[in-house]
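Residues per chain are reported as follows:
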Number of protein chains: 2
Amino acid sequence: MVNKDPFYLGRLQDYYALHRLIPSYAEIASLVGVSKQGAVKFIDRMIFAGYIRKGSGGRLSPANMFFARPHVGRAPAGFASPATEALGDAITIDEYLVERPSSTVLVSVRGDSMIDAGIHDGDFLIVERNTNPNIGKIVVAIVDGDFTIKYLRSGSDGLFLEPANEDYPNIYPETSLDIYGEVVGQFRKF
Amino acid sequence: MVNKDPFYLGRLQDYYALHRLIPSYAEIASLVGVSKQGAVKFIDRMIFAGYIRKGSGGRLSPANMFFARPHVGRAPAGFASPATEALGDAITIDEYLVERPSSTVLVSVRGDSMIDAGIHDGDFLIVERNTNPNIGKIVVAIVDGDFTIKYLRSGSDGLFLEPANEDYPNIYPETSLDIYGEVVGQFRKF
DNA sequence: TTGCCAAGTGTACGTTCGTACACCATGCTG
DNA sequence: CAGCATGGTGTACGAACGTACACTTGGCAA
């Protein structure tokens with residue numbers, strides 16, 4: 001008989017997708033159709049393989065491999081590299097994009113003033129609240145009470161905002177520049 | 001005294017980010033600095049507010065609101081709309097972008113042949129395996145053993161691939177066209 | 001063929017968990 | 001001022017949990 005662990009793991013992943021919780025050994029047992037001790041042995045294997053972790057009190061939680069999605073790398077050759085190395089330690093897209101959840105908001109993009117930076121109308125931006133970002137970053141600024149997404153530049157007259165679209169002019173603040181945050185990521189659905 | 005629940009919730013979210021597990025009542029108690037029964041009451045409030053769910057055996061798991069990130073909408077006026085309506089029912093960026101985890105892979109983008117579609121060098125694409133996508137979609141095709149990202153078009157001589165960059169030519173397959181999957185999403189870190 | 005390891009079953013046990021009930025302090029409202 | 005909802009504490013208890021140990025079965029290698 002072939003190795004049934006991938007099938008077991010699939011059941012576990014389905015359950016997790018539904019409940020966001022790794023069930024108890026007894027529940028795993030009935031979920032995959034083995035005895036409670038069979039489940040214990042199975043989970044031991046999953047822990048060894050890096051799919052599952054054990055928290056305090058022996059409670060189970062998913063580990064990195066549990067979320068790993070096949071990543072087809074830049075390599076020209078084909079389907080190699082099942083790893084998610086390129087994503088670093090992140091185990092979900094969420095974790096890759098959002099480093100500081102408590103100070104992060106999402107912003108919808110309207111208009112095409114940043115299109116040369118690959119930011120299109122309808123995109124979502126991941127914005128970290130930070131009123132003092134570095135020069136050169138893409139920032140969310142508040143101009144006339146409205147959000148605007150631009151590059152933060154520094155000129156001889158101080159800071160100004162530069163769009164990534166030659167059809168739009170630079171914005172030079174009359175008094176001061178209100179920065180809402182820094183754009184750290186972007187995503188879009190087709 | 002102000003409402004301390006947001007502070008409690010923050011502790012819980014930090015813990016969850018670390019362990020991917022809502023701790024037991026006893027652990028919550030020591031985490032936020034109240035008694036076990038205080039934790040029970042607090043969790044009751046969180047359940048009522050939609051932040052936490054209860055699974056089998058009374059075990060706690062995060063619910064929709066637990067992941068909700070403030071979403072600053074398209075509205076010109078300001079910081080309104082804490083809701084994530086624009087993301088639909090998705091509670092994480094992951095769930096928004098990946099609808100069918102089992103048939104989804106990530107692909108790194110190399111080159112700028114799709115730059116007018118907002119797909120830049122270094123971006124990640126969410127690709128659903130599907131060898132028969134609809135005309136007009138962005139697809140991952142296999143040409144000469146290499147991946148290539150292009151629009152799938154239909155002409156008088158059958159299917160062909162069209163880049164989103166006028167510096168690149170259309171690709172007309174000599175025999176047949178190998179489609180790996182359809183590009184359903186994209187994300188990038190700045 | 002013998003031996004061994006891996007996968008799975010059954011039973012038992014101490015601990016921890018979630019739940020319930022009684023009670024206290026605070027602040028707002030009629 | 002009385003009343004009451006809210007947030008919190010302390011104690012108690014049965015159920016469910018994770019763990020441990022002994023045993024069985026099947027496949028594979030020596």
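Quick caveat: nothing in here was measured; it's all calculated off a predicted structure.

(A) Geometry of the overall build of chain A. The helix and strand tally for chain A stands at five helices and nine strands. For chain A, the sequential pattern of α-helices and β-strands runs α-α-α-β-β-α-β-α-β-β-β-β-β-β. Among the 190 residues that make up chain A, the fraction classed as buried is 45%. Long-range pairs, those at least 24 residues apart, make up 47% of the contacts in chain A between residues at least 6 apart in sequence.

(B) Quick peek at the pairing of strand 8 (residues 158–162) of chain A. Residue and element names in this part refer to chain A. The sheet contact formed by strand 7 (residues 146–155) and strand 8 spans five bridges and is antiparallel. Across the sheet, the residue bridging to Ser154 is Leu159, located in strand 8. The antiparallel hairpin formed by strand 7 and strand 8 contains two residues in its connecting segment.

(C) Highlighting the packing of helix 1 (residues 5–19) of chain B against helix 2 (residues 25–32) of chain B. Residues and elements named next belong to chain B. Direction vectors running N to C along helix 1 and helix 2 enclose 115 degrees, while the axes themselves pass 10 Å from each other. Judged by the twist between their axes, the crossing of helix 1 over helix 2 is right-handed. Facing Phe7, Tyr8, Arg11, Leu12 and Tyr15 of helix 1, the residues of helix 2 in contact are Glu27, Ile28, Leu31 and Val32. Taken together, the residues of the contact of helix 1 with helix 2 sort by class into seven nonpolar, no polar and two charged.

(D) Structural context of the pairing of strand 4 (residues 104–108) of chain B. All names here are of chain B. In terms of burial, strand 4 is a largely internal element, five of the five residues being buried. Across the two faces of strand 4 the burial is the same, with Thr104, Leu106 and Ser108 and Val105 and Val107 all buried. As judged from the five bridges shared by strand 4 and strand 5 (residues 124–129), these two strands associate in the antiparallel manner. Bridge assignment links Val105 to a residue of strand 5, and that residue is Val127.

(E) Local environment of the protein's contact with DNA strand C. In the region of DNA strand C, 18 residues are neighbours, and Ser35, Gln37 and Arg45 of chain A together with Gln37 and Lys54 of chain B sit closest. Contacts to DNA strand C include Lys41 of chain A, whose side-chain N or O atom sits 3.0 Å from a base nitrogen. Residue Lys54 of chain B places a side-chain N or O atom 2.7 Å away from a phosphate oxygen belonging to DNA strand C. Counting residues per element, the ones that place at least two in the surface near DNA strand C are helix 3 (36–49) of chain A together with helix 2 and helix 3 (36–48) of chain B. Element by element, the count of residues in the surface near DNA strand C is highest for helix 3 of chain A, at four residues. Taken together, the residues of the surface near DNA strand C sort by class into five nonpolar, seven polar and six charged.

(F) Broad picture of the side chain of Ser113 of chain A. Within the secondary structure, Ser113 of chain A is located in the loop between strand 4 (104–108) and strand 5 (124–129). Non-local contacts of Ser113 of chain A, meaning those with residues more than four positions away in its chain, are made with Ile149, Lys150, Pro163, Ala164, Asn165 and Tyr168 of chain A.

(G) Inspection of the environment of Gly136 of chain A at higher detail. All names here are of chain A. Along the polypeptide, Gly136 turns up in the loop between strand 5 and strand 6 (138–143). Exposure remark for Gly136: the relative accessible area of 30% places this residue in the partly exposed category. Spatially, the C-alpha atoms of Gly136 and Leu161 are 9.7 Å apart, while their sequence positions differ by 25 residues. Those residues in contact with Gly136, other than ones at most four positions away along the chain, are Tyr151, Leu152 and Arg153.

(H) Representation of the protein's contact with DNA strand D within the structure. The environment of DNA strand D is formed by 17 residues, the closest being Gln37 and Lys54 of chain A together with Ser35, Gln37 and Lys41 of chain B. Measuring from a phosphate oxygen of DNA strand D, one finds a side-chain N or O atom of Ser24 of chain A at 3.3 Å. Separating a phosphate oxygen of DNA strand D from a side-chain N or O atom of Tyr8 of chain B is a distance of 2.9 Å. Going through the elements one at a time, helix 3 of chain A together with helix 3 of chain B are the ones with two or more residues in the surface near DNA strand D.

(I) Region of interest: unusual backbone geometry. All names here are of chain A. Backbone geometry at Arg20 places phi at a positive 55 degrees, although glycine is not the residue there. Mapping Arg20 onto the fold places it in the loop between helix 1 (5–19) and helix 2 (25–32). The exposure class assigned to Arg20 is buried, which follows from its relative accessible area of 13%.

(J) Expanded view of the side chain of Glu182 of chain B. When you line up the elements, Glu182 of chain B lands in strand 9 (residues 178–189). Dropping the residues within four chain positions of it, Glu182 of chain B is found in contact with Ile126, Val127, Glu128, Asn130, Pro133, Lys137, Ile138 and Val139 of chain B.

Rules behind the numbers
Residues numbered from 1 in each chain as written. Chains lettered and ligands numbered in written order. Predicted model: local features only at pLDDT ≥ 70, side-chain atom pairs only at ≥ 80, totals over all residues. Heavy atoms only, no water. Helix = DSSP H or I, 4+ residues; strand = E, 2+ residues; numbered from the N terminus. Buried < 20%, exposed > 50% of the residue type's maximum accessible area, 1.4 Å probe, protein only. Contact = heavy atoms within 4.5 Å. Pairing = 2+ DSSP bridges. Axes fitted to C-alpha atoms, helices over the stretch in contact; angles between N-to-C directions. Left-handed = near helix turned anticlockwise from the far one by under 90°. Nonpolar A, V, L, I, M, F, W, Y, C, P; charged D, E, K, R; others polar. Near = heavy atom within 4 Å. Polar contact = N/O pair within 3.5 Å; in protein donor to acceptor, adjacent residues only side chain to side chain.

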